[in-house]
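Here are the chains, one letter per residue:
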Amino acid sequence: MTDQLPAKSNDDRNWEAMDSGVIRHAINPAQLGSAEISPTGKFEAGSYASFTLTYTAGTFGIDDSGSLRICFRFASDQGNPQFDHPESANYCTVTASNGALLQLRWDPKGNVRPWDRTLWIKVVKGFLQESDQIIIRFGVTDFGGPGMRLQTFCEDTFEFRVLADPVATFNFQPLPIQPTIAIVPGKPERFVAVLPTRCRPNEPFSLKIKGEDKWGNPSNQCEDTVTLERETDAEIEGLPETAHFTKGDCALIIPGLSLSKAGQTSIIVKDSKGTAIAQTNPLIVEQRDLVHFWGDMHGQSEETIGTGSARDYFAFARDRAFVDACGHQGNDFQISDGFWNELNRITEEFDAPGSFVALPGYEWSGNTSLGGDRNVYFPDENRTIRRSSHALIEDQTTADTDCTTARDLFEAFADNQEFDVVCYAHCGGRYADIGYAHDGRFERSVEVHSSWGSFEWLLQDAFKLGYRVGVVTNSDGHKGRPGASYPGAGKFGAIGGLTCFITHELSREALLDCMRKRHHYGTTGGDAGRMIIDIAATFDAPGILYHDDPALFETKGVSTNTAMMGDIVHLPHGNINLAVSVAASSPIIRIDIFNGLNLVETVRPYSKADLGARLRLHWEGAEYRGRFREVIWDGTAKVVGNTIKSSQPVNFLNRDKVLEQQGDTDLSWRALTTGNFGGVDILMSDPNAGSLSIKTPLIEREVEIADIGYEDTIFDASGDLPRFMKVYRLPDRNSHVSCSFDRTLALKSTGDNPLYFRVELEDGTRAWTSPIYVFR
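All values derive from a computational prediction rather than experimental measurement.

1. Side note on the packing of aromatic side chains
Here is step 1: For the structure on display, the rule yields 31 aromatic pairs.
Here is step 2: With a centroid separation of 5.6 Å and an interplanar angle of 50 degrees, the aromatic rings of Phe138 and Phe160 are classed as tilted. One end of the pair, Phe138, is in strand S10 (residues 133–138); the other, Phe160, is in the loop between strand S12 (155–159) and strand S13 (161–165), and 22 residues separate them in sequence. Note on accessibility: Phe138 and Phe160 belong to one class, buried.
Here is step 3: Centroid distance Tyr313 to Phe314: 5.3 Å. Interplanar angle 85 degrees. Geometry classified as edge-to-face. Phe314 shares its class with Tyr313; the two are buried.

Here's what the structure looks like:
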């Protein structure tokens, strides 16, 4: 690979936080030495490669006990260098040209963020003079290893960041020019096609199609003529019979489509051989005031702890992930005043009412003991950023606006009459402690899913505390892929979520109004993430409808006999009747109806008579609320007295985690969850014969296959948070991609009745609706 790339200079990010040590100005950077990488050029994401990084000592050489650090970003999921197994992947060797003895250490938290992941090279016997070299070979293949596994997501300037401490003062300084390579997408492994989920007759919309490589990166290697077919007889005006993917483009967009009549449809995409390669989400067209817009409002770019520039971040959301709205939520303690100004310029540039909303904001990133992470959204640019601290910002000029606790943050908004601000509570590395601090005048929703996992417990916390909050899901992505954030091979355990905003138009004003009214639902993203959920409540007797919580605001409600998700209703007497409908691109397994903490009913679109020989083994949970929440589910299943015809993984989102079938009686797998769930579908030869033995680190059970039925058989291993396995039976073929039903629910006479729905699809997608809060 010989394509030359421009080296990355420290000046390219003049707002970047201090990243090497306490003392900023020490040795003249020109005297620190230099580093080169070979080969340079473009390399496929997730592939194996070998590199030689050569550091040439500068004026001071490197003294005895001086060091180098080769650092990589926190977000990178590349293979970790190892020094003990030459025949294996990621084998690394380090030598000094003059024979000096070197000590090596890999430390994933060995440097200041975002350059956490560190190869530490210390001179422990001898020293280096000017022009002496240290040669680092990453991914050595001399002994049969495949090389170094590259990160699974794209980056134009993937940096081998070299820091030097030549005088052995423990003051590490970055070299003035850093070696880089480009990480690019591979060939398309699958295709994704997207339509709006709800629009009005004669309202124009676009069909958007992309190919994705094995790691979910939009591929620029698609080259084919595809055929476009309607799933139904609904006439789609402007839809061509064929369209052409041009090599080099990452997306195919067909604008100017419309339906003149109400109805439901989707579009099937076929390749030049006639094979169906993608089908869109369902689209419902009807005359109504409120329609759907999809957004990912939470993620970061390289200026804080993510990947790629903030400008690239918004461009990806709009042009590659096909979302309608996006927000950038950088950690506040890394956002310098310079970057804050730049970020405001970018959101203003990208915001285009009617086609794309870019919402200004940031993440208030306080320590957990001080309230934990909160998302902050503004209606316009150039607002005051009230940081949790200036931990990684050298310029302390604006430190007087810091809000150390989440309580301070909400008080500052109130004192400054900033009631147009909207906040979310979320769980990332730090989790939001809404018991410590919450103000419903600003904090309108909780984020129950992101790339970090699923956190339904955050919604449950709100119910226990008597808060009235909505539900959102986002990516909190660090890989530069907002709206299509896959977990890759690192510590992120889930696909990033998407929120469906139910509002009348695509603008900042309408979006923020929707957020304040909690008129939205969230999904776990992915292929089937853009499902359509309708919840319509009617009342036997009139109630009083509120959008702002009457417990917090002096607000007048309006008389009503109807409500939608997110509404707050005072219903002195009478019943609530709920009409529920779901339409999706994957078959529906269950719809759970909750009244607060209580599961009222589980609705399945199929009956007991439809059940067949297919069993689903399901595992779910988190270790605890903090960073290290992963639950390892590596395990086996063995069938006795029956045989396995086939098996299919569910939510095996990390390609390194695999399901293997040994013969016709045994399965093994590697899997983890971070509050979300995974599992295996097992199709048995005989629907009832024999037994199934399950073994994982947490749970070992044996169950008779004949006893596995319509209801869940649960094996609980919960700790501070739920951790469990369950097994149940499915139809051999579930064709129910839509489901509608009505329910009349009994209400508690005291306190709130937070009525919400959780939908689960066969492919592993979940969705949660914002509750309707009904009180007597």
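This is not the end of the story, as more comes after the structure.
2. Focus: helix H5 (residues 508–517)
Here is step 1: Along H5, seven of the ten residues are buried, which leaves the element largely enclosed by surrounding structure.
Here is step 2: Taken together, the buried positions of H5 are occupied by Arg508, Ala510, Leu511, Leu512, Cys514, Met515 and Arg516.
Here is step 3: A positive phi of about 65 degrees marks Arg518, the residue just after H5.

3. Let's talk about empty space enclosed by the protein
Here is step 1: Inspection of every chain in the model, using the stated rule, returns five cavities of 30 Å³ or more.
Here is step 2: In this structure, the largest cavity encloses a volume near 210 Å³.
Here is step 3: Contributing to the lining of the largest cavity are 20 residues, with Val192, Gly483, Gly526, Asp527 and Arg530 lying nearest its centre.
Here is step 4: Contributing elements (two or more residues each) for the lining of the largest cavity: strand S17 (190–194) and strand S19 (205–212).
Here is step 5: At three residues, the largest contribution of residues to the lining of the largest cavity is made by S17.
Here is step 6: Along the lines of polarity and charge, the residues of the lining of the largest cavity split into nine nonpolar, seven polar and four charged.

4. Quick word on the confidence of the model for the protein chain
Here is step 1: When pLDDT is averaged across the protein chain, the result is 95; 97% of the residues are at 70 or more.
Here is step 2: In this model, residues 1–22 is a region of pLDDT below 50 whose contacts with residues beyond four sequence positions or in other chains number 64 contacts.

5. Brief notes about helix H1 (residues 310–319)
Here is step 1: All of the buried residues along H1 are Ala310, Tyr313, Phe314, Ala315, Phe316 and Ala317.
Here is step 2: Buried-residue contacts for H1 involve strand S28 (325–327), helix H2 (337–350) and strand S29 (357–359).

6. Some details on the packing of H1 against H2
Here is step 1: Running from N to C, H1 and H2 cross one another at 25 degrees; their axes reach a closest spacing of 10 Å. For the element pair H1 / H2, the angle class is roughly parallel. Between H1 and H2 the crossing geometry is right-handed. From H1, Ala310, Arg311, Phe314, Ala315 and Arg318 reach across to H2, where they touch Phe339, Glu342, Leu343, Ile346, Thr347, Glu349 and Phe350.
Here is step 2: Its residues placed into classes, the contact of H1 with H2 shows seven nonpolar, one polar and four charged.

7. Notes on the pairing of strand S35 (residues 470–473)
Here is step 1: Of the two faces of S35, the one lined by Gly470 and Val472 and the one lined by Val471 and Thr473 are each fully buried.
Here is step 2: By the bridge criterion, four bridges tie strand S33 (residues 443–450) to S35 in an arrangement that is parallel. Directly across from Ser445, in S35, lies its bridge partner Gly470.

8. Looking at the environment of Asp742
Here is step 1: Here Asp742 lies in strand S56 (residues 738–745).
Here is step 2: For the pair Asp742 and Ile535, spaced 207 residues apart in sequence, the C-alpha separation works out to 9.8 Å.
Here is step 3: When sequence neighbours within four positions are dropped, the list of residues in contact with Asp742 reads Leu578 and Ala579.

9. Focus on the pattern of salt bridges
Here is step 1: On inspection of all chains with the given rule, the structure shows 51 salt bridges.
Here is step 2: Among the salt bridges present, the one from Arg230 reaches Glu235, with a minimum N-O distance of 3.4 Å.
Here is step 3: Here Glu235 falls in the exposed class, since its relative accessible area comes to 51%.
Here is step 4: The network of salt bridges with shared partners includes Glu456, Arg590, Asp592, Arg604, Glu711, Asp712, Lys726 and Arg758.

10. Some words on the pairing of strand S59 (residues 772–775)
Here is step 1: The two faces of S59 match: Ile772 and Val774 on one face and Tyr773 and Phe775 on the other face are all buried.
Here is step 2: When strand S40 (residues 568–570) meets S59, the two strands line up parallel, connected through three bridges. If you follow His570 over to S59, its bridge partner there is Phe775.
Here is step 3: Here strand S57 (residues 752–761) pairs with S59 via four bridges, running antiparallel. If you follow Leu755 over to S59, its bridge partner there is Ile772.

Here is what the cut-offs are and how they apply
- Residues numbered from 1 in each chain as written.
- Predicted model: local features only at pLDDT ≥ 70, side-chain atom pairs only at ≥ 80, totals over all residues.
- Heavy atoms only, no water.
- Phe/Tyr/Trp six-rings, centres within 6.5 Å; stacked < 30°, edge-to-face > 60°.
- Helix = DSSP H or I, 4+ residues; strand = E, 2+ residues; numbered from the N terminus.
- Buried < 20%, exposed > 50% of the residue type's maximum accessible area, 1.4 Å probe, protein only.
- 1 Å grid on protein atoms, 1.4 Å probe; cavity = no way out; pocket = protein on both sides within 12 Å on 5 of 7 lines; lining within 4 Å.
- Points joined across faces, edges and corners; volume = space filled by probe spheres on them.
- Nonpolar A, V, L, I, M, F, W, Y, C, P; charged D, E, K, R; others polar.
- pLDDT = per-residue confidence, 0-100.
- Contact = heavy atoms within 4.5 Å.
- Axes fitted to C-alpha atoms, helices over the stretch in contact; angles between N-to-C directions.
- Parallel < 35°, antiparallel > 145°, perpendicular 65-115°, else oblique.
- Left-handed = near helix turned anticlockwise from the far one by under 90°.
- Pairing = 2+ DSSP bridges.
- Salt bridge = Lys/Arg side-chain N within 4 Å of Asp/Glu carboxyl O.

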